[in-house]
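Structural features, examined
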There are 2 protein chains.
Amino acid sequence: MVCYKFGKKMNNNSIFIEKLRSSGLRPTKQRLEICRLLFDRKKTFHFTITDLCKIIKKEINKKISLATIYNTVHSFKKKGYLKEISVNREKSYFDTNTSDHHHFLDIKTNELIDLKKEDVDKINIKKNLPGKKITSIEVLVKIENNN
Amino acid sequence: MVCYKFGKKMNNNSIFIEKLRSSGLRPTKQRLEICRLLFDRKKTFHFTITDLCKIIKKEINKKISLATIYNTVHSFKKKGYLKEISVNREKSYFDTNTSDHHHFLDIKTNELIDLKKEDVDKINIKKNLPGKKITSIEVLVKIENNN
DNA sequence: TTGTAATTTATAATGATTCTAAAGTAGTGT
DNA sequence: ACACTACTTTAGAATCATTATAAATTACAA
Ligand SMILES: [Mn+2]
Ligand SMILES: [Mn+2]
Ligand SMILES: [Zn+2]
Ligand SMILES: [Zn+2]
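Numbering of residues starts from 1 in every chain and runs along the sequence as written. Working convention: letters from A go to chains and numbers from 1 go to ligands, in the order in which they are written. Residues qualify for local features only when their pLDDT is at least 70, as the model is predicted, and side-chain atom pairs are given and counted only at 80 or more; totals for whole chains, interfaces and linings, by contrast, use all residues. Side-chain figures throughout are based on the complete set of non-hydrogen atoms in the structure, without hydrogens or water.

So, on to the domain arrangement of chain A. Residues and elements named next belong to chain A. Boundaries between domains were set according to an automatic or database domain assignment. If you check the domain split of chain A, you get domain 1 (2-86) and domain 2 (100-143). Distance between the C-alpha centres of domain 1 and domain 2: 26 Å. Taken together, the four residues of domain 1 in the interface contact six residues of domain 2. Between domain 1 and domain 2, the buried area comes to about 470 Å², and carbon and sulfur atoms account for 54% of it. When residues of domain 1 are sorted by the area they lose upon contact with domain 2, His46, Lys83 and Ile85 head the list and together hold 86% of the total. Salt bridges are identified by distance alone: a Lys or Arg side-chain nitrogen within 4 Å of an Asp or Glu carboxyl oxygen. At the junction of domain 1 and domain 2, the tally comes to zero salt bridges. Pairing of N or O atoms within 3.5 Å defines a polar contact, subject to two protein rules: one partner must be a possible hydrogen donor and the other a possible acceptor, and residues neighboring in sequence count only if both atoms are side-chain atoms. Inspection of the region where domain 1 meets domain 2 yields four residue pairs in polar contact (both at pLDDT 80 or more). The contact rule is simple, with two residues in contact once any of their heavy atoms fall within 4.5 Å. By definition, the buried area sums, over both parts, the 1.4 Å-probe accessible area that each loses when the two are put together.

For the least-squares superposition of copies, only C-alpha atoms count, and only for residues with pLDDT at least 70 in both. Mapping chain A onto chain B calls for a screw motion: a turn of 180° about the axis and a shift of 0.0 Å along it, with 0.1 Å RMSD after fitting. One copy is carried onto the other by what is essentially a two-fold rotation axis. The rotation axis passes nearest to the C-alpha of Val139 of chain A in chain A, at a distance of 2.3 Å. Comparing contact sets, 100% of the residues at the interface of chain A also lie at the interface in chain B, consistent with an isologous, same-surface contact.

Time to look at the protein's contact with DNA strand D. Put simply, a residue is near a molecule or strand once any heavy atom of it comes within 4 Å of that molecule or strand. In the vicinity of DNA strand D lie 20 residues, with Thr28, Gln30, Arg31 and Thr68 of chain A together with Tyr70 of chain B positioned nearest. Sugar and phosphate atoms constitute 78% of the interface atoms of DNA strand D, taking the interface as everything within 4 Å of the protein. The side chain of Lys63 of chain A places a nitrogen or oxygen atom 3.0 Å from a phosphate oxygen of DNA strand D. At a separation of 3.3 Å, a base nitrogen of DNA strand D approaches a polar side-chain atom of Arg26 of chain B. Think of it this way: any DSSP run of H or I at least four residues long counts as a helix, any run of E at least two long counts as a strand, and we number them from the N terminus. Every element with two or more residues in the surface near DNA strand D is listed here: α2 (29-39) and α4 (66-78) of chain A together with α4 (66-78) of chain B. Of the residues forming the surface near DNA strand D, the biggest block, four residues, is contributed by α4 of chain B. Residue classes follow a fixed rule: Ala, Val, Leu, Ile, Met, Phe, Trp, Tyr, Cys and Pro count as nonpolar, while Asp, Glu, Lys and Arg count as charged, and any other residue, Gly among them, counts as polar. For the surface near DNA strand D, the per-class residue count stands at seven nonpolar, six polar and seven charged.

Residues and elements named next belong to chain B. Bound to the zinc ion (ligand 4) on the protein side are His46 (NE2), Asp95 (OD), His101 (NE2), His103 (NE2) and Asp114 (OD), at distances that span 1.9 to 2.4 Å. Any N, O or S atom lying within 2.8 Å of the metal counts as a donor, and for Na, K and Ca the limit rises to 3.2 Å; water is left out, so some sites can look incomplete. Coordination of the zinc ion (ligand 4) draws on donor residues from a single chain, spaced H-x48-D-x5-H-x1-H-x10-D in sequence. His103 matches Asp95 in its accessibility class, with the two residues each being buried. Only protein chains enter the accessibility calculation, which uses a 1.4 Å probe; a residue whose area is less than 20% of its type maximum is buried, one above 50% is exposed, and one in between is partly exposed.

So this is what it looks like as structure tokens:
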């Protein structure tokens, strides 16, 4: 749902309004504010709900309740506009990049960095489990500072 | 620390006692009971702390306090006898297989299944981040029932 | 046996997430 | 424009997992 997906970056909300409507979600003030914060950016955004709460508090005049933030993020996830990336017990990230892709994780800062699918040679799983099919393959590459 | 790592399966605790001592952990009744439950088995064991609490309640006569269970699992992890595998927000597993390896995750049952390193062709990351080095590469293969 | 530090324990505190039920709002039809 | 209804937001409570606290117990070395 990242804004530039639908053409040039927009200064208005019409794209979001349309997108929300087409998903059966009413374009409320709260949802639109959150859309702007999440999707009105060029780069992938990785955030925890706690991060998002802080950003909202800083950037938005009117308060958005915690329950609404949770509801909104979860409905965006359900509609496929966000992907959830679980890196450890403490941190579950949501990702505005909903394409099939992998991640670097800086184990000191917990920063996530996108790895395009093309950045990783095709993963070949030699073992197969009878009666099961593979639905996704995710690679997490943990990194830390050199030296 | 899996028991058979040190030779044939033992019926006594001497191996655990020795191993704990050599790690600077006193071999208390509680730690030994937990060792038995976790490591006295042939197959890799994947468990959540909640799982372990239930098993302890069922299999052990004397109660072990919740705090001790947490402390024990975390110190075993710190000493390298357990590995933590985070699959989603709801589930963080500990793994008695501390070797470098990957996992299948059944997305319906949340069951983890080990994938030996040899079961996955060598992962080649084409992108590299200046100033960072890779410390591990983990693959999570999500699966579900066929049909 | 004694002294000390490590460990266990019950319980409280914290923090994140979900639930609840009441108030507010958006879209529909008139 | 108005009213109706379903959807949404909200504050606050409830729940759940995890961590902190501080007192009692235990391991073990002297
Ligand atoms: Mn979710
Ligand atoms: Mn831990
Ligand atoms: Zn990403
Ligand atoms: Zn494993």
